[in-house]
Amino acid sequence: MFKNYLKIAWRNLTKHKAYTIINVGGLALGMAVTLIIGLWIKDELSHNNYFTYKEQIAQIYQSQTMNGQTGTGPAIPRPLEKAFKEGYMDNFKHVVMSSWTTPQYLKYKETSISREGNFMQKEAPEMLDLNILKGEKDGIREVNSIMISESTANALFGDEEPIGKVLEVNSQYDMMVTAVYEDLPFNTSFSDTDYLMPWDKYITIFEWVKKSEDYWGNNSFQMFVQIADNTSMEVVTDKIKNVKKDISEDTAEFNPQLFLLPMEDWHLRSNFENGKQVGGRIKYVWLFGIIGAFVLLLACINFMNLSTARSEKRAKEVGIRKSIGSQRRQLINQFMGESFLVVFLAFIIAVLIVVISLNGFNNLARKEMEFPWTSTAFWGASLVFILFTAVLAGSYPALYLSSFKPVDVLKGTFKTGKHSGLPRKILVVVQFTVSVAFIIGTVIVMQQINYAKSRPIGYDKEGLVQIPTMSQDFDGKFELMRNEFINSGAVTEMSTSSAPTTRIWSNRSGFDWEGKPEGFQEDLAWTEVSPEYAKSLNLKIVAGRDFSREFPSDSNAILINETAVKYMGLNNPVGKFIKDSDTEDPFEPMKIIGVVQDMIAQSPYEPVKQGWYVFDKNGNGSYYNIRLNPNQSTSQNLAIVERVFKEHFPNIPFQYDFVDEEYGKKFASEVRIGTLSGIFTALAILISCLGLFGLTSFVAEQRTKEIGVRKVLGASIFNVWNMLSKDFLKLVIISCFIAVPIAYYVMNGWLQEYPYRVILKWWIFALAMIGAFAVTIITVSFQAIKAAKSNPARSLRTE
C-alpha cells in the first residue's frame, strides 16, 4: 500500500512540474537554512566539550563596587592562590594561577616565529587533560621547560624531533621543549594557546609579579580551578565569596565578591551587568534558533497553501477513491506519503546546499564547522527532522483534502466554500509578518553598527601601524628606531605606549587630588606613553599642552582625557597635581599639563572611559605606534619599515597591525550577526515570494475563463492586474501592521544593551513596509500581467 502511495505521489509531482519546483525548492531552502543554523547552534553549545573535566573546571571571577556601580571580571590578585591553597583545598582538585594569553617570540636556529600562550602552574596540563603527542604530561614542572602545540612544533622543527630541543624566547631566556600537545580545537577557549610555560618562570622574569605575592590591590592575574568530585560550583562559590574581603582590609571598601564561572558558561554566558550575570552569546543562539524555526515555518506554509489551493484539482480523485471504498484514514496516509516524499526530496537538496555553502558560511561566521557525515546522532536527528517537517507541512492539506464528500464532488456540486480561502490568507499573513519583521530587524542591526562606526574616535586611525615590542632586544632602542624610521622617509612620527591603541590594559586607583570628593572611589584607565604619543596618533590637545622633550619636568607630567576632567570634578585641570594615596611607597606628585580629546579604546558602543596618559620614564612601552608617510603608498612604506626593522632586529619576525583593522574588529561580532541576519532575511523573503508566486499562478489559472470574459467585455490589462493583485496587497498591509509593533518591541529591547545606540526612526519601518509592497507587486505582477495578456479566445472557445 505504501509503495502505491509513493507511486501516486511521484506521478502527481512529475505531472505538475512548476508546482513541484516551487514546493520542493521552497522546502529545500527552508530546510537548508534550518540545517546550517542547527550546525551553528550545535557548535556554539559544544564549545569546550573537548575538555574531559569541563563540568568541574571554572575560572575565578570577582565583582567589586565603586561609587555604587559593580564591575565584574576574571582579573584577580596573586595572594588569592595562597589563601585558597592554605584554607580551601578540600574543595578543589587543582588551583592553577595563569598569566593572560600573550604572544612571545620563539626561536630555534634560524627560525623565529610569534605564538600566543600562557604561563601556568604545573597542574594545568592535567586539569585540561591535554592530548600529549610527544613528551611528558607534566611538562612544565621544571622552571626552564616549555610545552608547545603540534602546529608550533611543525613550524619550528619541521621533521626534527622537538623533545629536548632548546628554544630562545624573546631573545631573553632559553626554554627546553618537554612536550608536544595536540592543537586545541577552534571551538575552545584555549584555541590560541600554542605554548605553556611554568608559572615560576613568570615570577622570575618580571619583578612586578614577584612583588605582587602579598599585594591584594593588584588584580593582574587569572586563576583556573577544578572542583572536587564531592561538591558543586554553587557550594564552592558560597564558601569562597568573601575570602578577599575578609583577608584584605585595603580592598574591603570595594566589597569584593569572588565566585566560580563554570567552563560551560565562558563562551555563552560571560556578560555581567552591575554584578549580575546577564547572558552573552547565548542570545545569538536563541536568535538564530528562532530564525531557523521561522524560516522552516515559512517553507511549510508554502506547502500547505499550494496543496490546499489545488484542492479543486484533486477533488474528483478524492471523490472516486471514497466512492470505491477508501477510508478517510487511507486518504490521509496517501497525502501524508506525498508530503513525506516532497520533504525527503527537499532534504536531499538541502544537504547539497549546506555542503556547497558550508565553507562560505564558516568564513562569514568565523567557524570551523564540518558536515557530520559519520554522525549517527545527526542522521537520527535528520530522520526525526524529516518526519516532523512532513507532518507539519502535510497535516493540514491531508485533513482538508480527505474531508471532501464524494456525492457532491461527483455530482459537480462541490464548492470549496465561502471561507475556504481563509486559512490560506492567514498563512500568507503569517509569512509576510515574519518577513517584514526580519527586514526591520536587519535594518536596525546595520543602523546600530553604522551609528557606532560613524562615532568620532578621537584620533586618526588611517595610516597608523602598531608593532609589538615584546623582546628585550627592543630595550633602550626607541630613540634609535624613531630616528631611523623617520629618516627613512616612510614614517612621519613614532611613539611607544604600554597598551595597544585600541585596548585598555591597566586600570588604577588610589590617588588624591585637590577637590576629590570624600569617599570617592576612582577607577582610571592608565597608559604609559612616550612624549610623541599624541602627535603620532594625531590626538588633539584641547587644553594646556602636549609632552615636550624640552621640559625635563615632564617626566612627572600626565595628560588626561575630557571624560577624566568631568569624572574627577576638575574645573581648571591644567596645573593641578595628582598625589599617590599609598603611604608605604608613594610616587612623586604628577602634574596635569594638558587635556586630550576623548579617544575610543574600548567598545565603540560604550561611553569613553576616564583615562590618564602618563610619561613613560621607565621604558614600559609594549608597542611602537608608527604614523606612515601619507605621500607614499602603504606597501612602499611597509617595505621600507620592514627593511629598517630587520637591520636592527634580524632575529625577530616583523609583525605589525593596522590600527584601523584592529578597530574594525570591535564591530566584528555585530557585523557577522547583521550579515547573517540579512542573508536569512533574504532567504525568508525568497521563500515567501515563491509561495506567493505559486498562489498567484493558481488563482490566475482558476480564473482563466473569468479573465477571458472580462477582456471580451473591455477590461484593460490594468483592470485584470488590479483584480488579481489587490487581495494579496491587502494581506501584506495586514502583515505590516502586525509586524511593525512586534519588531519595534523586540529591537528596542535589543538596543537597550548598548549605552551608545541609535534612535529608532519611523522611516526604518516605512522602508520595510515599502520593500514588502514592492516585492509583493513584483511577484504578483508577473503572473497577473501574463494572465491579462493571454488570448481570451483560448479560454472561452470551449464555452
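Preceding block: the structure.
Below or above, wherever it landed, is the structure these notes cover. (Residues numbered from 1 in each chain as written. Predicted model: local features only at pLDDT ≥ 70, side-chain atom pairs only at ≥ 80, totals over all residues. Heavy atoms only, no water.)

**Focus on the packing of aromatic side chains**
Per the stated rule, a full pass over the model turns up 48 aromatic pairs. A centroid spacing of 6.0 Å and a plane angle of 65° characterise the contact between Phe-84 and Tyr-88, whose relative ring orientation is edge-to-face. Classification of Phe-84 by relative accessible area gives buried; the value is 0%. Ring geometry for Phe-224 and Trp-266: centres 5.6 Å apart, planes at 55°, overall tilted. One end of the pair, Phe-224, is in strand β11 (residues 222-227); the other, Trp-266, is in helix α10 (residues 263-266), and 42 residues separate them in sequence. When sorted by exposure, Phe-224 lands in the same class as Trp-266, which is buried. Of the aromatic side chains, those joined through ring pairs into one cluster are Phe-474, Phe-478, Tyr-624, Phe-645, Phe-649, Phe-654, Tyr-656 and Phe-658. A cation over a ring is seen here: Arg-455 above Tyr-756, with NZ or CZ 4.1 Å from the ring centre. (Phe/Tyr/Trp six-rings, centres within 6.5 Å; stacked < 30°, edge-to-face > 60°. Buried < 20%, exposed > 50% of the residue type's maximum accessible area, 1.4 Å probe, protein only. Helix = DSSP H or I, 4+ residues; strand = E, 2+ residues; numbered from the N terminus. Lys NZ or Arg CZ within 6 Å of the ring centre and 35° of its normal.)

**Some thoughts on the environment of Phe-335**
Along the chain, Phe-335 falls in helix α13 (residues 328-365). We classify Phe-335 as buried; its relative accessible area is 5%. For the pair formed by Phe-335 and Gly-394, sequence separation is 59 residues and the distance between their alpha carbons is 7.1 Å.

**What to know about a nonpolar patch on the surface**
Taken together, the side chains of Ile-734, Ile-738, Ile-742, Tyr-745 and Val-746 define a hydrophobic patch exposed on the protein surface, amounting to about 500 Å² of accessible area. Residue position: Tyr-745 is located in helix α24 (residues 717-751). (Patch = residues over 30% accessible without salt bridge, like charges linked within 9 Å, V, L, I, M, F, W, Y side chains within 5 Å. Areas by Shrake-Rupley, 256 points an atom, 1.4 Å probe, with all protein chains shown as cover. Salt bridge = Lys/Arg side-chain N within 4 Å of Asp/Glu carboxyl O.)

**Focus: helix α5 (residues 150-157)**
Of the residues making up α5, those classed as buried are Thr-152, Ala-153, Leu-156 and Phe-157. Considered in projection along α5, the buried side chains sweep an arc of 100° and stay on one side of the axis. Phi turns positive one or two residues past the end of α5, at Gly-158, with a value near 60°. (Arc of directions from axis to C-beta.)

**Let's talk about the side chain of Ser-498**
Checked against the element boundaries, Ser-498 lands in the loop between β16 (491-497) and β17 (507-508). Relative accessible area serves as the criterion here: at 16%, Ser-498 is assigned to the buried category. Setting aside its immediate chain neighbours within four residues, Ser-498 contacts Trp-505, Trp-526, Thr-527, Glu-528, Asn-620, Gly-621 and Ser-622. (Contact = heavy atoms within 4.5 Å.)

**Let's talk about unusual backbone geometry**
The phi dihedral of Asp-129 falls on the positive side, at around 50°, and the residue is not glycine. Turning to its location among the elements, Asp-129 is positioned in the loop between α4 (124-128) and β6 (132-135). Of the residues examined, Asp-129 reaches a relative accessible area of 24% and is grouped as partly exposed. You will see that Asn-255, though not glycine, has its phi angle at about 50°, which is positive. Inspection of the secondary structure puts Asn-255 in the loop between α9 (243-247) and β12 (257-262).

**Some points on the nonpolar core**
By size, the foremost hydrophobic cluster in this structure holds 111 residues, and its most contacted members are Trp-40, Phe-288, Tyr-459 and Phe-680. Ranked by residue count, the leading element in this core is helix α2 (residues 17-45), at 15 residues. If we ignore the near neighbours within four places in the chain, the residues touching Phe-680 are Val-33, Ile-36, Ile-37, Phe-288, Ile-291, Val-295 and Phe-361. Counting 42 residues, the second largest nonpolar core, distinct from the first, contains Ala-83, Tyr-173, Met-223 and Val-236. (Core = buried A, V, L, I, M, F, W, Y, C linked by side-chain atoms within 4.5 Å.)

**Here's the deal with the packing of helix α16 (residues 422-453) against α24**
It is the contact of α16 with α24, at a shortest axis distance of 7 Å, that shows an interaxial angle of 35°. In this structure, the crossing between α16 and α24 has a hand that is right-handed. From α16, Lys-425, Val-428, Val-429, Phe-432, Thr-433, Val-436, Ala-437, Ile-440, Gly-441, Ile-444, Val-445 and Gln-448 reach across to α24, where they touch Leu-731, Val-732, Ile-734, Ser-735, Cys-736, Ile-738, Ala-739, Val-740, Ala-743, Met-747, Trp-750 and Leu-751. Partitioned by chemical class, the residues of the contact of α16 with α24 number 19 nonpolar, four polar and one charged. (Axes fitted to C-alpha atoms, helices over the stretch in contact; angles between N-to-C directions. Left-handed = near helix turned anticlockwise from the far one by under 90°. Nonpolar A, V, L, I, M, F, W, Y, C, P; charged D, E, K, R; others polar.)

**Topic: the pairing of strand β14 (residues 276-279)**
Looking along a regular strand, one sees the side chains alternate between the two faces of the sheet. In this sheet, β14 lies alongside strand β13 (residues 271-273) in antiparallel orientation, the contact comprising three bridges. Paired with Asn-271 across the bridge in β14 is Gly-279. (Pairing = 2+ DSSP bridges.)

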